[in-house]
Amino acid sequence: MSAWLDVPVLHGSFVRLEPLAMAHASDLARAAEEDRRTYGFTVVPRGAEVKEYLATQFARRSEGLTPFAQVRQRDGMAVGCTALWNPRTWPGRQDLRAIEIGWTWLAASAQGTGINAEAKLLLFTYAFETLGVARVDLKTDARNERSRRAIEGLGARFEGVLRSWSASWAPGEAGALRDSAMFSVVATEWPSVKSALGARVGGVSIQ
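Just so we're clear, the structure is a prediction, and the values are computed from it rather than from any experiment.

Caption draft 1: Spatial organisation of the pattern of salt bridges. Enumeration according to the criterion identifies 15 salt bridges in this entry. Where Arg-74 meets Asp-75, a salt bridge forms, and the shortest distance between an N and an O atom there is 3.8 Å. The exposure class assigned to Arg-74 is exposed, which follows from its relative accessible area of 67%. Asp-75 sits in the partly exposed class, given a relative accessible area of 33%.

Shown next, in the form of structure tokens:
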């Protein structure tokens, strides 16, 4: 399966996930130019590059990318991006068995505010309860300890490091491969992960 998914707006208390559109460009340009010290291993455009970045993300839809803007509820500002990615079907069938959450970044002012955790809760909920997948993957550069701690904090299980698995986005490593730390949540774990993650974001109702 390669086509992008037609996912509606997903609403939380801190964030809503809107299908990424060029209308988000000006907000994202401002968001991307806040403190960039946490972006050492992450694909985050400079402000002047946002329109090109969005066009590239739209083109990746043919590869199975379903991108979202992370819109902060309290002020309606787009403060980052995330995506569903790499959908896989059951052998000989068209229904999904697995999908990945990735291509995530947030403005510095949105980090540590509950937006990331709630956005992941929204995406996990949609993946398991609407798409009916058996597994959701997450991965990060194996050197990115901050990201690894954040993923583990969501309740995802660390599965190991795959060597030379993904393109590196670290400065000065264009064209190089990175080792990727792999994590997942599977369907049997989802009820307990949902409960813990919901409590973490304040017991909010996920629609």
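There's plenty left to go through after this.
Caption draft 2: Quick look at helix 2 (residues 50-59). Those residues of helix 2 that sit buried are Val-50, Tyr-53, Leu-54 and Gln-57. Down the axis of helix 2, the buried side of the element spans an arc of 100°, and every buried residue falls inside it. Counted as exposed and oriented over 90 degrees from the buried face of helix 2: Lys-51 and Glu-52. Among the structural elements, helix 1 (25-32), strand 3 (66-72), strand 4 (78-89) and strand 5 (96-106) are those in contact with the buried residues of helix 2.

Caption draft 3: Representation of the pairing of strand 3 within the structure. Burial analysis of strand 3 places seven of its seven residues in the buried class, the great majority of the element. Alternating positions in strand 3 separate into two faces, Thr-66, Phe-68, Gln-70 and Arg-72 on one and Pro-67, Ala-69 and Val-71 on the other, with burial throughout. Of the strand pairs in this sheet, strand 2 (residues 15-19) and strand 3 are connected by five bridges, and their pairing is antiparallel. Note on strand 3: the bridge partner recorded for Leu-17 is Gln-70. Note that strand 3 and strand 4 share six bridges and pair antiparallel. Across the sheet, residue Val-71 finds its bridge partner in strand 4, namely Ala-78. Between strand 3 and strand 4, which follow one another and run antiparallel, lie five residues, and Gly-76 among them has a positive phi close to 70°.

Caption draft 4: Main features of empty space enclosed by the protein. Under the defined criterion, the tally for this structure stands at one cavity of 30 Å³ or more. By volume, the largest cavity amounts to about 40 Å³. The greatest single-element share of the lining of the largest cavity, amounting to three residues, is contributed by strand 3. Here the residues of the lining of the largest cavity are counted per class, giving six nonpolar, one polar and one charged.

Caption draft 5: Structural context of the packing of helix 1 against helix 2. Packing of helix 1 against helix 2 leaves a shortest axis separation of 9 Å and a crossing angle of 115°. Our classification of the angle between helix 1 and helix 2 gives roughly perpendicular. Like other packed secondary-structure pairs, helix 1 and helix 2 cross with a definite hand, here right-handed. Here Ala-25, Leu-28 and Ala-29 of helix 1 lie close against helix 2, whose contacting residues are Val-50, Lys-51 and Leu-54.

Caption draft 6: A look at the nonpolar core. In this structure, Leu-17, Leu-28, Leu-84, Trp-105, Phe-124, Val-136 and Leu-138 are the most contacted members of the largest nonpolar core, which totals 54 residues. It is helix 3 (residues 115-130) that contributes the most residues to this core, ten residues altogether. Contact partners of Leu-84, with chain neighbours within four places excluded, come to Leu-5, Val-7, Gly-64, Leu-65, Thr-66, Phe-68, Ile-99, Glu-100, Ile-101 and Leu-123.

What counts as what
The residue numbers shown here count from 1 along each chain, following its written sequence. Per-residue local features of the predicted model are confined to residues with pLDDT of at least 70, and side-chain atom pairs are confined, for both listing and counting, to 80 or more; whole-chain, interface and lining totals are unaffected and use all residues. Computation of side-chain values covers all heavy atoms of the structure but excludes hydrogens and water. We count a salt bridge whenever a side-chain nitrogen from Lys or Arg sits within 4 Å of a carboxyl oxygen from Asp or Glu. Under the scheme applied here, a residue whose accessible area is under 20% of the maximum for its type counts as buried, over 50% as exposed, and between as partly exposed, the area being computed with a 1.4 Å probe on protein chains only. Under the scheme used here, helices are H or I runs from DSSP no shorter than 4 residues and strands are E runs no shorter than 2 residues, and both carry numbers assigned from the N terminus. The arc in question is the one spanned by the directions pointing from the helix axis to the C-beta atoms. The contact rule is simple, with two residues in contact once any of their heavy atoms fall within 4.5 Å. Two strands pair under a simple rule: DSSP has to find at least two bridges between them. Both cavities and pockets are sets of points on a 1 Å grid over the protein atoms alone; in a cavity a 1.4 Å probe fits but cannot get out, in a pocket the set is open with protein on both sides within 12 Å along at least five of seven lines, and lining residues sit with an atom within 4 Å of a point. Grid points are joined across faces, edges and corners, and a volume is the space filled by probe spheres set on the points. Residue type decides the class: Asp, Glu, Lys and Arg count as charged, Ala, Val, Leu, Ile, Met, Phe, Trp, Tyr, Cys and Pro as nonpolar, and the leftover types, Gly among them, as polar. Between N-to-C directions, angles span 0 to 180 degrees; the directions come from axes that are lines fitted to C-alpha atoms, helices contributing only their stretch in contact. Our angle categories are set so that under 35 degrees counts as roughly parallel, over 145 as roughly antiparallel, 65 to 115 as roughly perpendicular, and the remainder as oblique. Crossings are assigned a handedness: left-handed for a near helix turned anticlockwise from the far helix by less than a right angle, right-handed for a clockwise turn. Nonpolar core, defined: a set of buried Ala, Val, Leu, Ile, Met, Phe, Trp, Tyr and Cys residues in which side-chain atoms within 4.5 Å join the residues together.

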